[in-house]
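Each chain, written out:
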Amino acid sequence: MTEEGQISNSSGERILMCGNEALAEAAILAGCDAYFGYPITPQNEIPAYMSRRMPEEGRVFVQSESELAAINMVFGASATGKRAMTSSSSPGISLMQEGISYLAGAELPAVVVNVMRGGPGLGNIAPSQSDYFQATRGGGHGDYRTIVFGPSSVQELVDCMPLAFDLADQYRMTVMVLADGILGQMMEPIVFKKNPRPKLPPKDWALTGAKDREQNIVRSLWLGEGVLEKHNNKLKAKYERIEKNEVLCEQYEVDDADIIVVAYGVAARIVQGAVARAREEGIKVGWIRPITLWPFPTEQISRAADESVKAGPLRFRIFLTVEMSLGQMVEDVKLAVAGKAPVVFYGRAGGGVPTVEEILDKIKQLTIRRKTQDTRQKTKV
Amino acid sequence: MKTVFKRTPTLKDCPTHYCPGCGHGIAHRLLAETIDELGIHDRTIGIAPVGCAVLEYDYIDVDMIEVAHGRAPAVATGMKRTNPDKIIFSYQGDGDLAAIGTAEIIHAAQRAEQITVIFINNAVFGMTGGQMAPTTMIDQVTSTTPKGRAAAEQGYPLQVSELLAVLPGVIYIERCALSGPAQVRKAKKAMKHAFELQINNTKGLSLVELLSSCPTYWRMKPADAMEWIESEMTKVFPLGRLKG
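Residues numbered from 1 in each chain as written. Chains lettered and ligands numbered in written order. Predicted model: local features only at pLDDT ≥ 70, side-chain atom pairs only at ≥ 80, totals over all residues.

### Some remarks on the overall build of chain A
1) Next: Across its full length, chain A holds 12 helices and 15 strands.
2) Next: Taking 381 residues into account, the globule formula puts the C-alpha radius of gyration at 21 Å, and chain A, at 22 Å, falls close to it.
3) Next: In terms of overall dimensions, chain A has a C-alpha envelope of 80 × 55 × 40 Å along the principal axes.
4) Next: Residue burial in chain A is summarised as follows: out of 381 residues, 52% are buried.
5) Next: Across chain A, the fraction of contacts at a sequence separation of at least 24, relative to all contacts at a separation of at least 6, is 78%. (Helix = DSSP H or I, 4+ residues; strand = E, 2+ residues; numbered from the N terminus. Rg over C-alpha atoms; globule rule 2.2 N^0.38 Å. Buried ≥ 20, exposed ≤ 12 C-beta atoms within 10 Å, placed from the backbone. Contact = placed C-beta atoms within 7 Å.)

### Observations regarding the nonpolar core
Taken as a class, soluble globular proteins show a tendency for nonpolar side chains to be buried jointly.
1) Next: One finds L23(A), A164(A), V261(A), V271(A) and I118(B) to be the most contacted residues of the largest nonpolar core, which totals 195 residues.
2) Next: Considering every element that reaches this core, the biggest residue donor is helix 6 (residues 154-171) of chain A, with 11 residues.
3) Next: Residue contributions to this core reach at least three from each of two domains, namely domain 1 (15-199 + 218-245) and domain 2 (249-380) of chain A.
4) Next: Setting aside anything within four residues of it in sequence, one finds V261(A) in contact with V271(A), V275(A), V285(A), W287(A), L320(A) and V322(A). (Core = buried A, V, L, I, M, F, W, Y, C linked by C-beta atoms within 7 Å. Domains from an automatic or database assignment.)

### Describing the environment of L55(B)
Residue and element names in this part refer to chain B.
1) Next: Along the chain, L55 falls in the loop between strand 1 (44-48) and strand 2 (63-66).
2) Next: Taking the number of C-beta atoms within 10 Å as the measure of exposure, L55 has 17 and is therefore partly exposed.
3) Next: When the C-alpha positions of L55 and L242 are compared, they lie 30 Å apart, and in sequence the two are 187 residues distant.

### Considering the environment of S66(A)
1) Next: Within the secondary structure layout, S66(A) lies in the loop between strand 3 (60-63) and helix 3 (67-79).
2) Next: For S66(A), a count of 16 C-beta atoms within 10 Å corresponds to the partly exposed category.
3) Next: Spatially, the C-alpha atom of S66(A) lies 46 Å from that of L366(A), the residues being 300 residues apart in sequence.
4) Next: Those residues within four positions of S66(A) in sequence are excluded, and the remaining contacts are Y38(A), L95(A) and A103(B).

### Remarks on helix 4 (residues 90-106) of chain A
Residues and elements named next belong to chain A.
1) Next: Along its 17 residues, helix 4 runs 24 Å from first to last C-alpha, staying within 8% of the 24 Å computed at 1.5 Å per residue.
2) Next: Maximum bend of helix 4: about 45°, positioned at M96.
3) Next: Every buried residue of helix 4 is listed here: S90, G92, I93, M96, G99, I100, S101, Y102, L103, A104, G105 and A106.
4) Next: Next to the buried residues of helix 4 lie helix 3, strand 4 (84-88), strand 5 (110-116), helix 5 (132-136), strand 7 (174-180) and strand 9 (217-218).
5) Next: Backbone geometry just after helix 4 places E107 at a positive phi near 55°. (Expected span 1.5 Å × (residues − 1). Bend = angle between axes of the 7 residues up to and from the residue.)

### A short note on the interface of chain B and chain A
1) Next: If you look at the interface, chain B gives 29 residues, while chain A gives 35 residues.
2) Next: At the level of elements, strand 1, strand 2, helix 2 (72-82) and helix 4 (102-110) of chain B are the ones that each hand at least two residues to the side of chain B that touches chain A.
3) Next: In terms of residue count, helix 2 of chain B provides more of the side of chain B that touches chain A than any other element does, 8 residues in total.
4) Next: For the side of chain B that touches chain A, a count of residues per class yields 13 nonpolar, 7 polar and 9 charged.
5) Next: Of the strand pairs in this sheet, strand 9 of chain A and strand 2 of chain B are connected by 2 bridges, and their pairing is parallel. (Nonpolar A, V, L, I, M, F, W, Y, C, P; charged D, E, K, R; others polar. Pairing = 2+ DSSP bridges.)

### Details of the sheet that holds strand 11 (residues 259-262) of chain A
All names here are of chain A.
1) Next: Strand order across the open sheet formed by 5 strands is 10-12-11-14-15, with mixed pairing between neighbours. With one partner strand each, in any of the chains shown, strand 10 (249-252) and strand 15 (343-347) form the two edges of the open sheet. Neighbour to neighbour, the strand axes of the sheet diverge by 20° on average, direction disregarded.
2) Next: Here strand 11 runs beside strand 12 (residues 285-290); their pairing, made up of 4 bridges, is parallel. If you follow I259 over to strand 12, its bridge partner there is V285.
3) Next: Contacts from helix 10 (residues 298-310) reach strand 10, strand 11 and strand 12 within the one sheet, and its direction differs from that of strand 12 by about 160°.
4) Next: Its contacts with the sheet place helix 11 (residues 329-337) against strand 11, strand 14 (318-323) and strand 15, and it is angled at close to 160° to strand 14. (Axes fitted to C-alpha atoms, helices over the stretch in contact; angles between N-to-C directions.)

Shown next as C-alpha cells:
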C-alpha cells in the first residue's frame, strides 16, 4: 500500500506493500520514536516513507549528513530511553560500524536495517548477501555481537521489526535486520499482526535529567585495571543468554533427507523452490533456514549432522549452503556440522541471484556424488 | 565567618586529573555555575568528548554521555529532537570539533539544532600527547610538527567559529579566553547567554569558544601559557561576539 493515507495499521487487513515501506510501517507500529538516516539505494523508500509518516505520528525524522551522523543520532536518542532506528545499505552500514561498536560498549538499544547491495567498495545496487560476516561478527572494533535477523519474505520482515525493538530493549544492544535489495523492493501481501508484547525491564539507566536521583552516565570507556575485562565478560554472559534463548530457524523435510540445503533470506526462498522440484523428482532433500543469523542455529544444524553420523558411513548426509555471496554463512554451517558430514557451497556474487535451476542442478550433482561415494564406501567395507 | 566563595553544587568535590595550569578546570567550574544559576540541573544532559575532557562526567554532576570522537553534535541532535524539553550541551575540544567532527558541527548548525556547544580551543591534541590540531598556530611546535607548524606543509589554523557564524542556523557565537579574571568573567557571561537562548526556546545553535591553556604540551609554565593565549592566540582567534 504505497498510496498516501491508506495505511490501515494493525487492523489485520491484508495489504500489498514493498519490503522497505512495510518494515518502516512495522517500526512505527512497534513504537519507534525516532528515525535517522542518509540516502542510499536500494533502501531509499524507508527514509522517504518515514519522512512522511513519523511527523504524522508526532515522532522524529531527521535526514542526517552522513551515516556516521545517523548512527550517532540513534545513539543520542537511545541514551535518553527512546526507541530509535536507522537504515542503510552496505557501504553506509560500513560507515555506521563505529557507532554500532559504541552502542555495544555503552549497552544502548538500537535497531539497524541493512538492505544489502553488492560490494566490496561501491559495488553495485543489486541485491546481495555479502555483509553476513560484517553483521554476524560484530562489524566494528572490540569484542561484541549484534542480534541479526535474516528474514526471507516481506511478511517476515514486518514480523521481525517489533521483535527487533523488543530484543534491543531487553538486552540493551543493537539488533540488525539484514535484508537485501530484492526484499526491500519486492511487493508482497502482508498483515500487520497484533501480537502480545513482552514486559521489558525499566530504562532506569536512561539520561532523562538527574532529578531526585544520582547522575546517570552512559559510557564505553573503562580505564581502571581489569575494569574493561569485567565489562567484556558481562557482555559475554549476555551474549551467551541470547545464544541460549533467541535462536530462530525453520526446517523442512530434514528427517529423511540425504541432502540438506542451508540458506537464509531471499536465497532461502529460491532454495525452497528448488527443493520442491527435487522432491518431485524423488530426491530426498530438505532445507534448514536460519531466521536469526546471530545467534546462529548451530544446535539445529549440529543435530541434523548427528543424524548423518548415526546413519553410518553408507548413509551420510551432504549439507549444501546457498548464498548470494562467495561463501560467508557456510563457515557457520561448517562450524555447526563440525566435520560430521560434508559441507559444500553454491553462491552467486556481485548482484547475481541463483536460479531454481542452478540450485536444482547442484542438488542433482550432489546426488550423483553421494551415490559414487556410497559405492566407494561399500567397496571399502 | 562570612562565606564569600564556595563550590557550586553541580561541580563535584573530587581531585582533578587535569595537568597544572590546564584550562579545563576553569571551564568546568563556569559550566557548573551556569547550570546551577540557571536552575537547569534536573533537566540538563551533557555530552563529553573524546580528548582530555572525556571524563567530564567525573566533575559535572548532571546526566552525561561519552560519545565517539567528533560525533557530539549528532548525538546532541538525537537527544534534543526526541527531548525538546531537555537542555542539551556538548563540550568539545579542537581535535574533536575542528578536526574529526567538522561535518557534524557544521550540519548541526545548518539544521539549526537547538543545542549549546562549549568549544575548548587549546591549539593542540592534549590527551594523545600534544600533536598538531587544526587550530595549532603557525610555528607552534607539537609532537607532530617538530619544526613548528608551517603553512606550506600543514596548512593554516582553522577558525571554525568564523565558519559557523555565517550559517543562518547559528544564533550565537562568542569567543572568549580563559587567560585571566576579567576574561573568565566574560566567558561565564557568554556561557550563560548561550544556555539562556536554549532555555528560552530560541531556535538555533549557540556556541562559546574558549581559548584555553595547555602548559604541558605548549612546553610552558602555566603563567606563561596564560600570557601566550593573550599575546599570540588572540591574533589568529580574535575575541568577541561573532554572531547574535
